[in-house]
Amino acid sequence: MKKQKLIKSVFLFSAVLLGTVVSQDVVKADTVSPAETTSVSSSDASSSATTKSSTTDSSTTITSTDDSSDVKGTVGGSQVNNVSNVSPEDNYYYGENGSWISSTNVDPDSFAGTIADANKNIDDKTYNAFMDYVNGNEKTSDANINKAIEYYNYLVNTPINNDTASNGLAAEVKAISNLQNIGELSNMLYAYYKEGYVLPFDVDIARDQNDYTRYALYMKGIGPLLTSADGSDDETLQQYQNNIGQILTSLGYSFSDIEDIITNTKKFDELLIKIQNPSDLNEYEDQDSEGDTYSGYTQYSGEDFSKLSTYLDFDSFFNELIGGVPDHLYIENPSYFYSLNQILTPDNFSYLRDWMLTAQIIQRAFYLNSFANEYASDKSTETDHSKFAYFLTSYAFNDAFSQHFGSKFTTNAQINAVTDMTQNIMDSYSDAISNSSWMSDETKSAALDKLNSISVNVGYPKQDFSYFSKYNIDSAKSVYENTVDLTTLSRMNKFNNYYSPVDRSDWGGNSSLSANAMYSRQSNSIFIFAGIMNSPFFDVNQDASKNYGGLGTVIGHELSHAFDSKGSMYDENGIENNWWTASDKTAYNKIVQAMENEFEGLQYQGLTVSGVNTVDENLADNGGLSVAYEAASKVDGFDAKEFFENYASVNKSKEGSNYVLATINDVHAPSVYRVNVNLQNLDAFYDTYGITPKDGMWLNNDQRVKLWEV
């Protein structure tokens, strides 16, 4: 678990919601900045792309090569002041979506768009279908869903108030604070891990980085919680510290006890910083956009790993976790594990214990925030209680809901049609690779092997989730405890697969009930979610041109992640392996650099787009659009304008003012540029709309960046 990242993404909530107030003498209270939220991009009438001055560096400036002063085009399309009155030839995104943008009001803390609408529709559909089961309007033989109904009814009939989560957390915090020595902790390693307690290490199971047929354990170290990696405090960390103090106050801790806990936590932070090298510390800050990729980690025999700590009994932990000590495993943060005997010692135990206590509060921030937001006033209505019961049920039974309702909401006709469309796009991708002018035959062969090895998963997960149906609700436990127990089932069940062959169709806990699709580098697989297999993205009764312009471009996008700057480093088996010739890699890197340059510095609502941060998503957009168009053009009755219009439509979005920073920091470029720039790079777009140098959407031929020439 990347602790520092976890704090930044989850812990930005006010502990005042728990009804507590702590003296400002305990910790310094500072204003909390808006949470780092990944949201759909949006557009604003007064903040579209601006034309930039010419330069010879990595700018995206458009410098005409024909010496014509009549060239109007610029990267991202013309700057516009009135988005509802612009031609598609000058700014295609606003030309197609301007009326919607002008007429759509968005709250500062909210966002709107096609993705948001699709997610709301699937959420509402799932809620209504589940409530039909609850109310007896429909029956199901799915044992997992019947257990979910039982759990929902338990929640509805159980009082839930402001103390529900804090009382549950209090028991966990008490268990940690009662630990007397490191020996007691060692004896509790597996029990604590199973219950979701934070330990002085974490462990995950994933495909072996060197053997695509088997699973392996990946051991992860821990990083500082309340101190930056450089040893400094910043205002945000001081606010986290204040929130922790408030929560501890609500749990009955005294002023002096809180001071000691915070002080000891920061002392342990200092030890963690001291023993680890910068690259290992950065692992806690940085998180790959794809969370499942493991490569380049240090391999260690299980026996030798257990010897790294004198005080922690790893052998017993492994025996309980997977039934034996693994023949080998991988270490994510070597400098931490090599220093276990320096930091996990009897002398440092009080620091470690309080660090674990603080980390546990952060780990449970989701529950605290959820309960507190819903029940801070202790005056929730019956309807509120019912909806919150549904929220907790759908969260705890995530995989079961994903499988059952993903299946319920998709037909065989949809599955088959999307599968066929995916194959057509892959065929076009094969042609694009084969016809590439910058790839040698040797690299083309390896690229085609990778493309043809991609596992396509459409609709919803097919794994066995029967462990949900076997869970017995413990009436002696609180709602908080039962919910935590349920959410740990999926995590612990993964380890039951340790000795089984790798399953490339494993959805990894991702719910099919969202308007999404994804590519996994490590399994070389794509997943097309049931939630996105609906209009306007896709409909079996919708023109094929629209389907390819909607879901087809999404599928092409995900396939292209196999060949983005990170995906291109993995072979057909998901192993990190350089399958490129030196000259081809050089040619590829030039395309990557050109893509970075094209987006670098584009302006969005007064903020600047990073070409480096968005390059892989831009490469995926670029490649995906071109191969989807090529596949669509071979379908009978193809209408290019319908294709492009739906491409712009499914990408429309508008965010409130408080989401702008999140949009600019996201790995995806703002929607206006995802649409306009990628269309500007596609020759077929010019032919369809008769774009000329006098139009805002024009780019000269030598300025169009193309991953593939189709």
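Residues numbered from 1 in each chain as written. Predicted model: local features only at pLDDT ≥ 70, side-chain atom pairs only at ≥ 80, totals over all residues. Heavy atoms only, no water.

### Details of the sheet that holds strand E7 (residues 517–520)
Read from one edge of the open sheet, three strands run E6-E8-E7, paired in mixed fashion. A strand with exactly one partner marks an edge of an open sheet, and here the two such strands are strand E6 (455–459) and E7. Going across the sheet, the axis of each strand differs from the next one's by a mean of 10°, ignoring polarity. Contacts between helix H22 (residues 544–560) and the sheet are confined to E7 and strand E8 (525–529), with E8 contributing the most and set at about 155° to the helix. (Pairing = 2+ DSSP bridges. Helix = DSSP H or I, 4+ residues; strand = E, 2+ residues; numbered from the N terminus. Axes fitted to C-alpha atoms, helices over the stretch in contact; angles between N-to-C directions. Contact = heavy atoms within 4.5 Å.)

### Some points on the packing of aromatic side chains
Applying the stated criterion to the full structure yields 56 aromatic pairs. With centroids separated by 4.4 Å and ring planes inclined at 5°, the aromatic side chains of Tyr-192 and Tyr-197 adopt a geometry described as stacked. Comparing Tyr-192 with Tyr-197, the two get one shared label, buried. Through successive ring pairs, a cluster of aromatic residues spans Tyr-190, Tyr-193, Phe-201, Phe-305, Phe-314, Phe-317, Phe-318, Tyr-336, Phe-337 and Phe-495. Seen from the ring of Tyr-193, Arg-491 lies directly overhead, with NZ or CZ sitting 4.6 Å from the centre. (Phe/Tyr/Trp six-rings, centres within 6.5 Å; stacked < 30°, edge-to-face > 60°. Buried < 20%, exposed > 50% of the residue type's maximum accessible area, 1.4 Å probe, protein only. Lys NZ or Arg CZ within 6 Å of the ring centre and 35° of its normal.)

### Remarks on unusual backbone geometry
In this structure, the amide linkage connecting Ser-535 to the following residue, Pro-536, adopts the cis form with an omega of 5°. The backbone phi angle of Gln-605 is positive, close to 50°, even though this residue is not glycine. Topologically, Gln-605 is positioned in the loop between strand E9 (603–604) and strand E10 (607–608). Taking the relative accessible area as the measure of exposure, Gln-605 reaches 25% and is therefore partly exposed.

### Quick notes on the nonpolar core
Core analysis: the biggest nonpolar cluster contains 84 residues, and Leu-551, Phe-644 and Trp-708 have the highest contact counts within it. Residues contacting Trp-708, with those up to four places away along its chain left out, are Tyr-429, Ala-432, Ile-433, Ser-436, Trp-438, Met-439, Phe-563, Gly-623, Ser-626 and Val-627. Among the nonpolar cores identified, the runner-up in size contains 66 residues, and Val-173, Ile-261, Tyr-336 and Val-484 belong to it. (Core = buried A, V, L, I, M, F, W, Y, C linked by side-chain atoms within 4.5 Å.)

### What about the confidence of the model for the chain?
Per-residue confidence for the chain gives a mean pLDDT of 86; residues scoring 70 or more make up 85%. Throughout residues 374–380 the model reports pLDDT below 50, and contacts reaching past four residues in sequence, or to other chains, amount to 14 contacts. (pLDDT = per-residue confidence, 0-100.)

### Quick look at the pairing of E8
The element E8 is largely enclosed, with a buried count of five among its five residues. Across the two faces of E8 the burial is the same, with Ser-525, Phe-527 and Phe-529 and Ile-526 and Ile-528 all buried. Pairing of E6 with E8 involves five bridges; the strand directions are parallel. Each residue of the ladder has a partner; that of Asn-457, found in E8, is Phe-527. Direction of pairing for E7 relative to E8: antiparallel, over a ladder of four bridges. Among the inter-strand pairings, Tyr-519 is bridged to a residue of E8, identified as Ile-526.

### Looking at the sheet that holds strand E3 (residues 211–220)
Across the sheet, four strands lie side by side as E2-E3-E5-E4; this open sheet has mixed pairing. The two strands at the open ends of the sheet, each matched to only one other strand, are strand E2 (202–208) and strand E4 (298–301). Direction aside, neighbouring strands of the sheet carry axes that sit 35° apart on average. Across two bridges, the pairing between E3 and strand E5 (residues 328–331) is parallel. Residue pairing in the sheet places Tyr-218 in a bridge with Tyr-330 of E5. The sheet contacts of helix H12 (residues 314–322) involve E2, E3 and E5, and relative to E3 the element is tilted by about 135°.

### A look at the side chain of Glu-642
Along the chain, the position of Glu-642 falls in helix H25 (residues 640–650). Among buried Asp, Glu, Lys and Arg side chains, Glu-642 stands out as unpaired, with Lys-546 the closest opposite charge at 4.8 Å. Not counting residues within four places of it along the chain, the set of residues in contact with Glu-642 comprises Asp-543, Ser-545 and Lys-546. (Lys, Arg positive; Asp, Glu negative; His and termini not counted. Salt bridge = Lys/Arg side-chain N within 4 Å of Asp/Glu carboxyl O.)

### Observations regarding the layout of surface pockets
The probe, sized like a water molecule, is rolled over the atoms to show the empty space still left. In this structure, the second largest pocket occupies an estimated 250 Å³ of space. Along its surface, the second largest pocket is lined by 13 residues, and Tyr-190, Lys-194, Thr-488, Leu-489 and Met-492 are the ones closest to its centre. Among the secondary structure elements, those contributing two or more residues to the lining of the second largest pocket are helix H7 (189–194), H12 and helix H21 (479–493). In terms of residues, the lining of the second largest pocket owes the most to one element, H21, which gives five residues. (1 Å grid on protein atoms, 1.4 Å probe; cavity = no way out; pocket = protein on both sides within 12 Å on 5 of 7 lines; lining within 4 Å. Points joined across faces, edges and corners; volume = space filled by probe spheres on them.)

### Comments concerning the packing of helix H4 (residues 143–156) against helix H18 (residues 398–408)
At a minimum axis distance of 9 Å, the contact between H4 and H18 shows a crossing angle of 120°. Here H4 lies oblique to H18, going by the angle between them. Crossing geometry of H4 relative to H18 is assigned as left-handed. Where H4 abuts H18, its residues Asn-144, Ile-145 and Ala-148 lie against Ala-400, Phe-401, His-404 and Phe-405. By residue class, the composition of the contact of H4 with H18 is five nonpolar, two polar and no charged. (Parallel < 35°, antiparallel > 145°, perpendicular 65-115°, else oblique. Left-handed = near helix turned anticlockwise from the far one by under 90°. Nonpolar A, V, L, I, M, F, W, Y, C, P; charged D, E, K, R; others polar.)

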